[in-house]
Amino acid sequence: MIKVTNLSKKYGKKIQALNDISFHIQPGEFVSIVGQSGSGKSTLIKIIIAELKADQGELLVGGWDISDIKEREVPTLRRQLGVIFQDYKLLAKKTVFENVAFAMEACGFAKKDIKKTVRQMLALVGLKDKEDRYPNQLSGGEQQRVAIARALVHKPKLLVADEPTGNLDSINTREIIDLLKKINNLGTTIVLVTHNKDVVNSLKGRVITLDNGVLISDQAQGRYLL
Amino acid sequence: MISFFRVIKFAFQGFFRNFWLSLVTITMMLMALFSTTLLIGIDYIKEATLEGVNKKVDILVSLKPGASREEVELLATDLDSQAEVKKVTIITPEENKVLYEQSNLDEKAKKVLDIFDEDENPFSFSLAVQGNELSQYTTILDKISQEKYQDLVDSSDFNDFDSFVGKIENFSKVLNKYSWYIIGAFLLISIVVIFNTIRISIYSRKNEIMIMKLVGAGNWFVKMPFILEGVLYAFTAVVLLIAIIYPIINFIQPSLTMYFQDVNVINISEYFQSNFFLIFGTQFAVLALLNILSTSIAIRKYLKV
Ligand SMILES: Nc1ncnc2c1ncn2[C@@H]1O[C@H](COP(=O)(O)OP(=O)(O)OP(=O)(O)O)[C@@H](O)[C@H]1O
Ligand SMILES: [Mg+2]
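Anyway, here's the lowdown on the structure attached to this text. For clarity, every value in this text was computed on a predicted model and none was experimentally measured.

## A word on the site of ligand 1
Residues and elements named next belong to chain A. Looking at ligand 1, there are 13 residues lining it, with Ser-37, Gly-38, Lys-41, Ser-42 and Thr-43 nearest. At a separation of 2.5 Å, an oxygen atom of ligand 1 approaches a polar side-chain atom of Ser-37. Between an oxygen atom of ligand 1 and a main-chain N or O atom of Ser-39, the distance comes to 3.2 Å. Taking 630 Å² as the accessible area of ligand 1 by itself, protein coverage stands at 61%. Where the shell around ligand 1 is concerned, the elements lending two or more residues are strand 2 (15-25) and helix 1 (41-48). For the shell around ligand 1, the element with the highest residue contribution is helix 1, accounting for three residues. Residues of the shell around ligand 1, tallied by class, amount to three nonpolar, eight polar and two charged.

## Looking at the pattern of salt bridges
Where charged atoms of side chains with opposite charge meet at close range, the side chains can pair. Residue and element names in this part refer to chain A. Evaluation of the coordinates by the stated rule reveals 16 salt bridges over all chains. The partner of Asp-55 in a salt bridge is Lys-9, and the shortest N-O contact between them spans 3.9 Å. Within this pair, whereas Asp-55 is found in the loop between helix 1 and strand 4 (56-61), its partner Lys-9 is found in strand 1 (residues 2-11), the two being separated by 46 residues in sequence. Residue class for Lys-9 comes out buried when judged on its relative accessible area of 10%. Between Glu-29 and Arg-206 there is a salt bridge, and its shortest N-O distance comes to 3.1 Å. Taken together, the positions of Glu-29 in the loop between strand 2 and strand 3 (30-35) and Arg-206 in strand 9 (residues 206-211) put the pair 177 residues apart, joining distant regions of the chain. Taken together, the shared-partner salt bridges connect Glu-29, Arg-206 and Asp-218 into one network.

What counts, and at which threshold
Residues numbered from 1 in each chain as written. Chains lettered and ligands numbered in written order. Predicted model: local features only at pLDDT ≥ 70, side-chain atom pairs only at ≥ 80, totals over all residues. Heavy atoms only, no water. Near = heavy atom within 4 Å. Polar contact = N/O pair within 3.5 Å; in protein donor to acceptor, adjacent residues only side chain to side chain. Areas by Shrake-Rupley, 256 points an atom, 1.4 Å probe, with all protein chains shown as cover. Helix = DSSP H or I, 4+ residues; strand = E, 2+ residues; numbered from the N terminus. Nonpolar A, V, L, I, M, F, W, Y, C, P; charged D, E, K, R; others polar. Salt bridge = Lys/Arg side-chain N within 4 Å of Asp/Glu carboxyl O. Buried < 20%, exposed > 50% of the residue type's maximum accessible area, 1.4 Å probe, protein only.

Now the structure itself:
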């Protein structure tokens, strides 16, 4: 699903955010990426969703070599992924329903499909009765669930999450992680960047650890190292 | 086709849900439009005033007694063929007599006529000569005083307007010279202000734009609603402009009518009425175009996510 080969990225001349990273993620996996602040986790995610370009190395997403992706191909790539962020990134002037629908509208789905799928997704994340609210009328956990629904409406095979629980308390964190596990069980590959030791340890899945831009460990049944 | 309707839907959503932002943006545009319209109105009043004055000015050429009708007509045709001359009117001795009787001279002066018989007419022919432009009257006067006309011409008189015409003429020259600088400077300022207003409005919504891009929307799909919103801003601003301008026009029209004691000299309501599409349509088109351009330029940076 994701194949990274000798990937490097520098900011300016000095800051080596990623240094010769290689790993391979199979379809259906649930992979955690951990590492200290500034170790390059967000940089890696940004390269995967083509928000940034790597300096060197090769990156395949779903069999597509995006190392040299053109600007006009970026939307096509993003429609095959789902992305969630620490700060939710919801559209403040759109309702819950409209936020989720937007991802499908951008892909050109028909109105009927959109209505049905959005309702389904909102039911999945447990927000069926809040579809007419605006983001600022929701709690942080609820907002993140809207973002997850939005990331899933167009049925991506890969879901990328950069510290989705970073702003949440432990109960909400638990709920979001359970939701991600449920989604993974339905067949979606998940790449989760997190700081949360308990989350990583409870997942008992594959853990990739970065340190200063270098991949220092990749364990199939990993624990939080640092 | 689906995305076309979606783009329109998003444009209206953006317009109404960012109400205060839209209001501020439109207010800025309205101020620019209002000032432009004010300039147009002032320019019209200036032109109309000059034309009004022009119409009321003529040279009165008194001809020598005994000039025959044929000679007078020949002279009139001759003068009429001059490039500077707009119109020559022949005033017959009979008409002159009537004019004299009807003039507001006092009765004593009018009594002078009594020494003549009923059928005797002391008046001779005269000509009223109108020029095309105020500045040409001196040239016309010069031509009339040429040697070849002196057999016929008794005196020519500038109707006492001389100094007044000179002043008006100067005033309009100065006005014309500077009004282009003023209009130019003004348009430039308006363009810069509107461009920056749009830029700030896009800046304040940059997160929205970047989020849309991050969840897979194409550039066109993100950009079009903003561009349409720009057109909506232009439309709303022009509608508000019309709503403000008309009461103002109707308010000042009576005093303009009073000034020339004639509705037809400066009829600003009529002017705006008959140039409605030219004035407001052009302003809408230019503003909409400016908004489209500004939006496209301002949004580019945030689409690169
Ligand atoms: N836009 C940028 N310009 C310059 N340097 C940057 C930029 N973004 C990140 N960096 C630097 O690159 C390195 C990696 O940053 P990155 O955001 O990938 O870390 P991270 O692992 O996500 O950290 P955190 O856990 O705090 O989110 C850091 O040293 C950071 O200061
Ligand atoms: Mg980060």
